[in-house]
2 protein chains.
Amino acid sequence: MKEIKIFSPASIANLSCGFDILGLCLNDIGDEIIVRKTKEKGIKILKVTGQKLTLDVNRNVAGVSALALLRETNVDCGFEIEIHKGIKPGSGIGSSAASSAGSVFAINELIGKPYSNKELIKFAMEGEKIASGSAHADNVTAVLLGGFTFVRDGLSFDVFKLNNPIELAFTILHPQIELKTSESRELIPKNVSLEKMITQSANLGAFISGLYTEDYDLISRSIKDVVIEPLRSILIPEFETLKEISLSNNALGFGISGSGPSVFALSKGLINAKKIGDLLKNKYKKTGIPFDIHTSNINEKGIKIITTK
Amino acid sequence: MKEIKIFSPASIANLSCGFDILGLCLNDIGDEIIVRKTKEKGIKILKVTGQKLTLDVNRNVAGVSALALLRETNVDCGFEIEIHKGIKPGSGIGSSAASSAGSVFAINELIGKPYSNKELIKFAMEGEKIASGSAHADNVTAVLLGGFTFVRDGLSFDVFKLNNPIELAFTILHPQIELKTSESRELIPKNVSLEKMITQSANLGAFISGLYTEDYDLISRSIKDVVIEPLRSILIPEFETLKEISLSNNALGFGISGSGPSVFALSKGLINAKKIGDLLKNKYKKTGIPFDIHTSNINEKGIKIITTK
């Protein structure tokens, strides 16, 4: 294999009750990445389309993660990368994770898969560090493992897949306002009352249980955030209105995707998710803020290979 | 049915990572309660053996929960209760929960089961309120539902059973020192750092996942407490030594049972639990503090009927 083209998907981190812990891999929305073996050693980023991003391998997240992999791996060739961004940077649906996980996934395939997808997480996180200032494994884990994922401890890469109730579907609205992860992080509290900690962790535990027992009512009762959302949601225009529309139209839950500004509604069935998408679209048009709407079911597989040569 | 004799088991609350959330129902250790229908209406506690406890129905937890049930239920008879305490009050393994849940379970059987076991929780919690000053549903839920139980929200009785990996077994050491729940509660922090909240809730979520996937390694990695145990364990003589002995002898985890002073070791297999029991016994003898040791596997059923007449 000399060349591989992959689809590296968007993802939702946090999912209301699982700050820095939960991740979910989406379908249809993502980056396409082509990687080719080259005689010359090292990494080159040939082009980035779809978004204006640097070609500097030491500053582009796909380059940074690829270099991290090469530092630990004996290969007698180099790689050139083309990135077609389908995800807007700063949208809150894992743009940097898709690129940093995508490049190392592609290289791993080209060199005969010495690493499992789980083992690739540590390289992908090097890219994430560049993007957000601190390394969080939630998005890259979702992209590399697929489905709902759990980060027990990001530092020791103690991460795993959860069960995926197949009827769950997501509506994502991305208001195109600038909201940097680092800025959004400044809003989070340093301390939490014990009472809120108990409420939040009870919801997380109940959500996990709901995923395993495929209890959609329990999932709905527990996908809530009493710690971060009340503080961060004020940065997102019309957050409460969108939430109200979603929850009064059969959404199981509604929250901030990652550190925002994207928001998500969780529904049972793609038809419900699309209906909520239409309602949110009609409402958001009136704000004058440019936005994107996506609907997606669960991507259980994660990154997919499109073609190989 | 005029008379029923039941076994109402001990339970472990909190289980390290699930403060006020997790519960576990034990086998073999518990109270025996006999309840008889009487012509005279109301509740009478005829006798309590095994421990010195009040016969006053308004102050004995079994009376308080029974009265709560009768207030909501039309019955044309009364009930007399005999309690044979097998659990020492103040031990931290759900003494009050066994009695308060036991009396309402027995009465419910005698009147033709108008309530599910889950519906009995709210009555049992009235007894718990008397015992600890505030109502926590973790122990009564474990006693009434059996197995590992989860309290998402005690106020709305949003509680459920988790999966029970059958090989799990517990060693409980009860140092007979006085340690009231209300006093032990004073030691818990009002606020928790966000970092600790994330660690603690990641462990809770991972533990729940481990129960469903029966992943004993994951259960072991996640049954940890970075919030409460560091503060409360100082009240329990030799806590760190007991923990070290347990963990270096194949225990999956070790922690405080409820608000203490009992401690528990979690093992894979009753043989391991008994071996740890012997080691802890030999060590604790040297302290001069009187103590009890119990070993138990998971009681999946909860309260059991012994005889009926």
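Residues numbered from 1 in each chain as written. Chains lettered and ligands numbered in written order. Predicted model: local features only at pLDDT ≥ 70, side-chain atom pairs only at ≥ 80, totals over all residues. Heavy atoms only, no water.

A. Region of interest: the overall build of chain A. From N to C terminus, chain A includes 10 helices and 12 strands. The globule rule puts the C-alpha radius of gyration for 309 residues at 19 Å, and the 19 Å found for chain A is close to it. For chain A, the C-alpha atoms occupy an extent of roughly 60 × 40 × 35 Å along the three principal directions. The burial tally for chain A puts 60% of its 309 residues in the buried class. Summarising the internal contacts of chain A: among those between residues at least 6 apart in sequence, 74% fall at separations of at least 24. As presented, chain A carries roughly 12,100 Å² of accessible surface, and 49% of it is formed by carbon and sulfur atoms. Here chain A carries 37 positive and 34 negative side-chain charges, and the mean point of each set is 4 Å from the other. (Helix = DSSP H or I, 4+ residues; strand = E, 2+ residues; numbered from the N terminus. Rg over C-alpha atoms; globule rule 2.2 N^0.38 Å. Buried < 20%, exposed > 50% of the residue type's maximum accessible area, 1.4 Å probe, protein only. Contact = heavy atoms within 4.5 Å. Areas by Shrake-Rupley, 256 points an atom, 1.4 Å probe, with all protein chains shown as cover. Lys, Arg positive; Asp, Glu negative; His and termini not counted. Charge placed at Lys NZ, Arg CZ, Asp CG, Glu CD.)

B. Geometry of the relation of the copies chain B and chain A. Between chain B and chain A, the superposition needs a rotation of 180 degrees and an axial shift of 0.0 Å, giving an RMSD of 0.0 Å. The two molecules are tied by a two-fold rotation axis, judged by turn and shift. A share of 100% of the interface residues of chain B reappears at the interface of chain A, consistent with the copies meeting face to face through the same patch. (Least-squares fit on C-alpha atoms with pLDDT ≥ 70 in both.)

C. Looking closely at the sheet that holds strand 11 (residues 291-297) of chain A. All names here are of chain A. Read across the sheet, four strands follow the order 9-10-7-11 without closing on themselves; strand pairing throughout is antiparallel. Because the sheet does not close on itself, it has two edges, and the strands there are strand 9 (253-256) and strand 11. Within this sheet the neighbouring strands show an average axis-to-axis angle of 20 degrees, counted without direction. Alignment of strand 7 (residues 168-175) against strand 10 (residues 263-268), held across six bridges, turns out to be antiparallel. Among the inter-strand pairings, phenylalanine 170 is bridged to a residue of strand 10, identified as leucine 266. Seen against the sheet, helix 9 (residues 239-247) touches strand 7, strand 9 and strand 10 and runs at an angle of roughly 160 degrees to strand 9. (Pairing = 2+ DSSP bridges. Axes fitted to C-alpha atoms, helices over the stretch in contact; angles between N-to-C directions.)

D. Fine view of the sheet that holds strand 11 (residues 291-297) of chain B. All names here are of chain B. Strand order across the open sheet formed by four strands is 9-10-7-11, with antiparallel pairing between neighbours. The open sheet has two edge strands with one neighbour each: strand 9 (253-256) and strand 11. Between one strand axis and the next, the sheet turns through 20 degrees on average, direction left out of account. Bridge count for strand 7 (residues 168-175) against strand 11 is seven bridges, and the pairing is antiparallel. Bridge assignment links isoleucine 172 to a residue of strand 11, and that residue is histidine 294.

E. A look at the interface of chain B and chain A. Across the boundary between the two partners, chain B contributes 34 residues, which contact 34 residues of chain A. For the chain B and chain A pair, buried surface summed over both sides reaches about 2,600 Å², with 70% attributable to carbon and sulfur atoms. On the chain B side of the interface with chain A, the three residues burying the most area are B:Arg152, B:Leu194 and B:Met197, jointly 24% of the side's total. Residue B:Asp158 is joined to A:Arg221 by a salt bridge in which the shortest nitrogen-to-oxygen separation is 2.6 Å. Applying the counting criterion to the chain B and chain A interface returns 11 residue pairs in polar contact (both at pLDDT 80 or more). Mapped onto the side of chain B that touches chain A, the elements with two or more residues apiece are strand 5 (148-153), strand 6 (158-161), strand 8 (191-193), helix 6 (194-213) and helix 7 (216-222) of chain B. Here the side of chain B that touches chain A gets 14 residues from one element, more than from any other, and that element is helix 6 of chain B. A per-class count over the side of chain B that touches chain A returns 20 nonpolar, nine polar and five charged. (Buried area = accessible area lost by both parts, 1.4 Å probe. Salt bridge = Lys/Arg side-chain N within 4 Å of Asp/Glu carboxyl O. Polar contact = N/O pair within 3.5 Å; in protein donor to acceptor, adjacent residues only side chain to side chain. Nonpolar A, V, L, I, M, F, W, Y, C, P; charged D, E, K, R; others polar.)

F. Local environment of the pattern of salt bridges. Residue and element names in this part refer to chain A. A full pass over the atoms with the stated rule returns 30 salt bridges over all chains. We note a salt bridge from glutamate 109 to lysine 113, for which the minimum N-O separation is 3.6 Å. For glutamate 109, a relative accessible area of 13% translates into the label buried. By relative accessible area, which is 48% here, lysine 113 ends up partly exposed.

G. The domain arrangement of chain A, seen in detail. Residue and element names in this part refer to chain A. Looking at chain A, the domain boundaries give domain 1 (3-162) and domain 2 (168-297). One C-alpha centre belongs to domain 1, the other to domain 2; they are set 24 Å apart. Each side of the interface is counted separately: domain 1 has 29 residues, and domain 2 has 38 residues. Buried surface at the junction of domain 1 and domain 2, both sides included, amounts to about 2,400 Å², of which 64% is carbon and sulfur. Contact with domain 2 buries area across many residues of domain 1, yet Ser16, Cys17 and Phe19 alone supply 25% of it, more than any other trio. Across the pair lysine 88 and aspartate 292 runs a salt bridge, and its minimum N-O distance is 2.5 Å. Those elements that provide at least two residues to the side of domain 1 that touches domain 2 are strand 1 (3-13), strand 2 (22-38) and strand 5 (148-153). (Domains from an automatic or database assignment.)

H. Fine view of the packing of aromatic side chains. Enumeration according to the criterion identifies 15 aromatic pairs over all chains in this entry. Geometrically, the ring pair formed by A:Phe150 and A:Phe160 is stacked, given 5.1 Å between the ring centres and 15 degrees between the ring planes. Note that A:Phe150 is positioned in strand 5 and A:Phe160 in strand 6 (residues 158-161), a separation of 10 residues in sequence. Given the relative accessible area of 13%, A:Phe160 is considered buried. A ring pair is formed by B:Phe148 and B:Phe170, whose centres lie 6.3 Å apart and whose planes are at 55 degrees; its orientation type is tilted. Residue B:Phe148 is located in strand 5, and its partner B:Phe170 is located in strand 7; the two are separated by 22 residues in the primary sequence. Taking the relative accessible area as the measure of exposure, B:Phe148 reaches 0% and is therefore buried. What links up through ring pairs into an aromatic cluster is the set A:Phe148, A:Phe170, A:Phe207 and A:Phe264. (Phe/Tyr/Trp six-rings, centres within 6.5 Å; stacked < 30°, edge-to-face > 60°.)

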